[in-house]
Amino acid sequence: MITRSASMEFQQIGLDAKLGETAFSAEKPLLSVIVVGETARSQNFSLGDYKRQTNLELEQRDIVYYDNVASCGTATAISLPCMFSKFDRGSYSYELGRAHENILDVVGRAGYNVEWIENNTGDKGVADRQSFTMLTHSDDPEYCGEGECIDGILVSELRRRLPEITENTVLVLHQIGSHGPSYYLRYPQAFEKFQPACRTADFSACSAQEITNAYDNTIAYTDKVLADLIDVLDAQTALTPSMIYISDHGESLGEKGLYLHGTPYFMAPKEQTKVPMIIWLSQAYQATFSIEQECLKAGSQQNLTHANLFHSLLGMLDVQTDEHEAVLDVFDKCKKEEQ
């Protein structure tokens, strides 16, 4: 079968990409970690308005939490390539996405080492031209069982790699996160904070509260994983680290009779399209790039979309290119004016 994307000429983008003067002259190697969440919806983050304490760890970290971010799609196969592309939801198509380079190609061209580390079902073509490591079916006894690994393995993998990083680097960590319907497999059983939790993929065997409890346990475990990643990065003295987290889409938990995700976007409920985004910047990063974190926090309630990711990563990584649209870069207005 011949697809339209197969007949479209592949387009490189950001051919002019280069490091800005600040990144180019940084005293220590820059390490930016992009964590791609899976099926995490904003409505169940206590960093926002959720009344359950699902973010006890992150609440104790100096982060910027964005609560009003609209996803590009309601399923990973659409959202993942779209959020890394140069296109917004209105102009994105599978064919265009496959026929163009993405943000990882651009930052790699500028001089970053880029690697995708997978703990889900695949990168959906985003990392076709990058180094790639699959962790999903590892045999690590601490994190892996029943054919899959929980996301703690990403923390272990990051910790293992850190001593080897001597150049500017971008690591993409793709979580299994809150992938349903088997929510109970996404966190250690000892981490089952909200009980009773649904412990089957058959929702008909569980009450609505049990399903929500299991889902909330996945969010609380993601909270733990992200906090652990921050702590590992914050302990570095030989690198200048930063981290950004953003989920691919949300999830329905029985609202209006809907469960899971994948509803066509034009009729999808906000539970499937409103996703969390988190930025953590080390003190070394803030000093190096003259970022005013309070400025970022002041803008954290603005309405954003996955389209902001492409341009914000260019700003975060100090990559100069004509592809950059400052109006879509959350960092652009928060850099201190040079004296």
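Everything below is about the structure printed above this text.
This write-up is about the structure you can find in this document. It should be emphasised that the depicted structure is a prediction, and the values quoted were computed from it without experimental measurement.

With that settled, consider the environment of Val-69. Residue placement: Val-69 occurs in strand 3 (residues 64–70). Sequence separation between Val-69 and Ser-300 is 231 residues, and the spatial gap between their C-alpha atoms is 9.8 Å. Aside from chain neighbours lying at most four places away, what touches Val-69 is Ile-246, Thr-273, Lys-274, Val-275, Met-277, Leu-304, Thr-305 and His-306.

Turning to its location among the elements, Glu-101 is positioned in the loop between helix 4 (94–98) and helix 5 (103–110). A polar contact is formed between the side chain of Glu-101 and the side chain of Arg-109, at a distance of 2.9 Å. Other than its neighbours up to four places away in sequence, Glu-101 contacts Phe-10, Gln-11, Gln-12, Ile-13, Arg-109 and Arg-129.

Moving on: the state of the cysteines. Using the criterion set out here, one finds four disulfides in the structure. The residue that forms a disulfide with Cys-198 is Cys-206, at a sulfur-sulfur distance of 2.1 Å. The S-S bond linking Cys-198 to Cys-206 shows a torsion near 70 degrees; that makes this disulfide right-handed. Judged by its relative accessible area of 2%, Cys-198 falls in the buried class. Note on cysteine connectivity: Cys-295 is disulfide-linked to Cys-334, with sulfurs 2.1 Å apart. Measuring handedness by torsion sign, the sulfur bridge of Cys-295 and Cys-334 sits at about -70 degrees and is left-handed. Residue Cys-295 is located in helix 10 (residues 293–298), and its partner Cys-334 is located in the segment after strand 14 (319–320); the two are separated by 39 residues in the primary sequence. Ordering the disulfide-forming cysteines of the chain by sequence position, one finds them joined as 1-2, 3-4, 5-6, 7-8.

Okay, the packing of helix 6 (residues 152–161) against helix 7 (residues 208–234) next. With their axes 9 Å apart at the nearest point, helix 6 and helix 7 run at an angle of 10 degrees to one another. When the axis of helix 6 is compared with that of helix 7, the two are roughly parallel. Contacts from Gly-152, Leu-154, Val-155, Leu-158 and Arg-159 in helix 6 reach Tyr-221, Val-225, Asp-228, Leu-229, Val-232 and Leu-233 in helix 7. Split by residue class, the contact of helix 6 with helix 7 holds eight nonpolar, one polar and two charged.

What follows covers the pattern of salt bridges. Oppositely charged side chains are able to pair whenever their charged atoms sit close together. As enumerated under the stated definition, the model contains 18 salt bridges in all. For Asp-216, the salt bridge identified is with Arg-52, shortest N-O distance 2.8 Å. Placement of Asp-216 in helix 7 and of Arg-52 in the loop between strand 2 (30–37) and strand 3 is noted, with a sequence separation of 164 residues between them. The shortest N-O distance in the salt bridge between Glu-294 and Lys-297 comes to 3.6 Å. One end of the pair, Glu-294, and the other, Lys-297, are both in helix 10, three residues apart, so they sit about a helical turn from each other. Of the residues examined, Glu-294 reaches a relative accessible area of 56% and is grouped as exposed. For Lys-297, a relative accessible area of 27% translates into the label partly exposed. Three or more residues are tied together by salt bridges with common partners; here these are Glu-115, Glu-157, Arg-160, Arg-161 and Glu-164.

Core analysis: the largest hydrophobic core is formed by 47 residues, its most contacted members being Leu-229 and Met-243. Broken down by secondary-structure element, the contributors of at least two residues to this core are strand 2, helix 6, strand 8 (169–174), helix 7, strand 9 (240–247) and strand 12 (274–281). The element best represented in this core is helix 7, accounting for 12 residues. If we skip the residues at most four places from it in the chain, Met-243 touches Val-33, Val-35, Leu-226, Leu-229, Ile-230, Leu-233, Ile-278, Ile-279, Trp-280 and Met-316. One finds Ile-13, Tyr-66, Phe-310 and Val-319 within the second-largest nonpolar core, a separate group that totals 46 residues.

A few words now on the side chain of Glu-251. Tracing the sequence through the fold places Glu-251 in the loop between strand 9 and strand 10 (252–253). For the buried residue Glu-251, which engages in no salt bridge, the nearest side chain bearing the opposite charge is Arg-41, 7.8 Å off. The residues contacting Glu-251, other than those within four sequence positions of it, are Thr-39, Arg-41, Ser-178, Gly-180, Tyr-183, Tyr-215, Leu-260, His-261, Glu-271 and Gln-272.

Next up on the list: the packing of aromatic side chains. Enumeration over the complete set of coordinates arrives at seven aromatic pairs. Consider the rings of Phe-45 and Tyr-65, whose centres lie 6.0 Å apart with planes at 5 degrees: the pair is stacked. In this pair, Phe-45 is assigned in the loop between strand 2 and strand 3 and Tyr-65 in strand 3, connecting sequence segments 20 residues apart. Assessed through its relative accessible area of 8%, Tyr-65 is described here as buried. Relative to Phe-203, the ring of Tyr-183 has its centre 5.7 Å away and its plane inclined at 35 degrees; by these criteria the two rings are tilted.

Rules and cut-offs
Residues numbered from 1 in each chain as written. Predicted model: local features only at pLDDT ≥ 70, side-chain atom pairs only at ≥ 80, totals over all residues. Heavy atoms only, no water. Helix = DSSP H or I, 4+ residues; strand = E, 2+ residues; numbered from the N terminus. Contact = heavy atoms within 4.5 Å. Polar contact = N/O pair within 3.5 Å; in protein donor to acceptor, adjacent residues only side chain to side chain. Disulfide = S-S within 2.5 Å. Buried < 20%, exposed > 50% of the residue type's maximum accessible area, 1.4 Å probe, protein only. Axes fitted to C-alpha atoms, helices over the stretch in contact; angles between N-to-C directions. Parallel < 35°, antiparallel > 145°, perpendicular 65-115°, else oblique. Nonpolar A, V, L, I, M, F, W, Y, C, P; charged D, E, K, R; others polar. Salt bridge = Lys/Arg side-chain N within 4 Å of Asp/Glu carboxyl O. Core = buried A, V, L, I, M, F, W, Y, C linked by side-chain atoms within 4.5 Å. Lys, Arg positive; Asp, Glu negative; His and termini not counted. Phe/Tyr/Trp six-rings, centres within 6.5 Å; stacked < 30°, edge-to-face > 60°.

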